[in-house]
Amino acid sequence: MKKNIIQLLSWSLFLVIAIAIVSIALATRPRGDPQTSNVSTLEQRLVDLGLPVKSFTVIKSSPLEVELILESAGRGDDQSVRADMWNRFIAGRELDLAYLNYDLRIASYYLNQVTPKGDVVTSQTRYLNPDDPFQKLTPAPPSALDDLQTKEIVKNDLDLKGLALLEVDVLDFAAERENSQLLTLHLSTGTSGDEVDEEQITLFIWSVRSQIEAINAQYGTRITLARVLITDSSGNPLVEYLEDTVTGRQFSWKADSLEGAWYPQPAPIITGIVEETPQPIESPTPVPLAATSTSDRGAYPPPQTPSPYP
């Protein structure tokens, strides 16, 4: 009897020790780094958007500092300059809103565009202040109307200031938490290049944001991004304008044939540290790239999606 009790106590003690060992092993086992996983998700998002990602690197983990290098066509013609502007615009937006969509609080980032030969076309450093309005956003509800319904509303309600509408489209664009819609417009002056009324163009561009906000308020839509191309009667591009009502970003390009300076209005949101002008400045000659830690892998091939613009 005494022997049985001793054996029972021994087995009980063994069981307790075994459970303790397993518990300690589970508690101390290596766990996946959530930040690494979220960085990978953000990188994949950039690729899925069709951006020509050459490398995406974490420079410092805390505070989080990253570098994104995009490949530029580097031809210097109007079409490639506009494509670079769009890629830079969208990439910067995704990094700005990484805290909202991917639980990544980025403190600063480097955003560079390089040619296939490695020459730097543009180089930007941006510091994100958590106190800035666009760094305090919360998840937004989806649009009350689908993309096709929103497209019809835009066609009926948008005041084009006398410009002719050639194409319009509305697409779901941003991540689920943001529920944004992208509005693309192709407009024409209906005149030859040497007879363009610049004031007409300016008046429309100045009204883009207020008109979008009015449509959203009236119909419950979620248009937050606008991409506007204005051409002359021969289809020659005159102005391309990009507007983001969430972050306040405004980028623009104008043809050399237009006289005087054209700037987006109203002024964009000013952050604590301003590192770029509202209107992008394309560097005519390559500038040296600061030495940073980058990936050696080649550029991702962008998805075969047709461009909405010529």
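The present account deals with the structure reproduced in this document. Computed from a predicted model, the values in this text were never measured in an experiment.

## A closer look at the packing of helix 2 (residues 34-48) against helix 3 (residues 78-96)
- Two elements in contact, helix 2 and helix 3, have axes whose closest approach is 11 Å; the angle formed by their N-to-C orientations is 155 degrees. In terms of orientation, helix 2 and helix 3 fall into the roughly antiparallel class. Pair helix 2 / helix 3 crosses with right-handed handedness. Where helix 2 approaches helix 3, its residues Leu42, Arg45 and Leu46 are matched on the opposing element by Ala91, Glu94 and Leu95.
- Residue composition of the contact of helix 2 with helix 3, grouped by class: four nonpolar, no polar and two charged.

## Examining unusual backbone geometry
- Note that the residue after Ser62, namely Pro63, is joined by a cis bond; omega there is -10 degrees.
- If you trace the backbone, Pro63 turns up in the loop between strand 1 (53-60) and strand 2 (64-71).
- The phi torsion at Lys161 lies on the positive side, around 55 degrees, for a residue other than glycine.
- As for its position among the elements, Lys161 is in the loop between helix 5 (147-157) and strand 5 (164-172).
- Residue class for Lys161 comes out partly exposed when judged on its relative accessible area of 35%.

## Brief notes about the sheet that holds strand 4 (residues 120-127)
- The sheet built from four strands is open, its strands ordered 1-2-3-4 with mixed pairing. The open sheet has two edge strands, strand 1 and strand 4, and neither has a second partner. Pairs of neighbouring strands in the sheet enclose a mean axial angle of 15 degrees, with direction left out of account.
- Pairing geometry for strand 2 and strand 3 (residues 106-114), over eight bridges, is parallel. If you follow Glu67 over to strand 3, its bridge partner there is Tyr110.
- Lying over the sheet, helix 2 contacts strand 1, strand 2 and strand 3, oriented at roughly 155 degrees with respect to strand 1.
- On top of the sheet, helix 3 reaches strand 1, strand 2, strand 3 and strand 4; it is set at about 165 degrees to strand 3, its chief contact.

## Regarding the pairing of strand 9 (residues 250-254)
- Counted residue by residue, strand 9 has four buried out of five residues, so it is predominantly covered.
- The antiparallel hairpin formed by strand 8 (residues 237-244) and strand 9 contains five residues in its connecting segment, where Gly248 sits at a positive phi of about 85 degrees.

## What about the nonpolar core?
- Residues Leu42, Leu68, Leu95 and Ile106 are the most contacted members of the largest nonpolar core, which totals 33 residues.
- Only helix 2, strand 1, strand 2, helix 3, helix 4 (98-102), strand 3 and strand 9 provide two or more residues apiece to this core.
- No other element matches helix 3, which puts seven residues into this core.
- With residues near it in sequence (within four places) discarded, Leu42 still touches Phe56, Glu94, Leu95, Ala98, Tyr102, Leu104 and Ile106.
- Among the nonpolar cores identified, the runner-up in size contains 25 residues, and Leu163, Leu187, Val196 and Phe204 belong to it.

## Things to note about the pattern of salt bridges
- Taken as a whole and judged by the stated rule, the model has twelve salt bridges.
- Here Asp159 ties to Lys161 by a salt bridge, and the two come within 3.2 Å at their closest N and O atoms.
- A single network of salt bridges, built from pairs that share partners, joins Arg82, Arg227 and Glu240.

Thresholds applied
Residues numbered from 1 in each chain as written. Predicted model: local features only at pLDDT ≥ 70, side-chain atom pairs only at ≥ 80, totals over all residues. Heavy atoms only, no water. Axes fitted to C-alpha atoms, helices over the stretch in contact; angles between N-to-C directions. Helix = DSSP H or I, 4+ residues; strand = E, 2+ residues; numbered from the N terminus. Parallel < 35°, antiparallel > 145°, perpendicular 65-115°, else oblique. Left-handed = near helix turned anticlockwise from the far one by under 90°. Contact = heavy atoms within 4.5 Å. Nonpolar A, V, L, I, M, F, W, Y, C, P; charged D, E, K, R; others polar. Buried < 20%, exposed > 50% of the residue type's maximum accessible area, 1.4 Å probe, protein only. Pairing = 2+ DSSP bridges. Core = buried A, V, L, I, M, F, W, Y, C linked by side-chain atoms within 4.5 Å. Salt bridge = Lys/Arg side-chain N within 4 Å of Asp/Glu carboxyl O.

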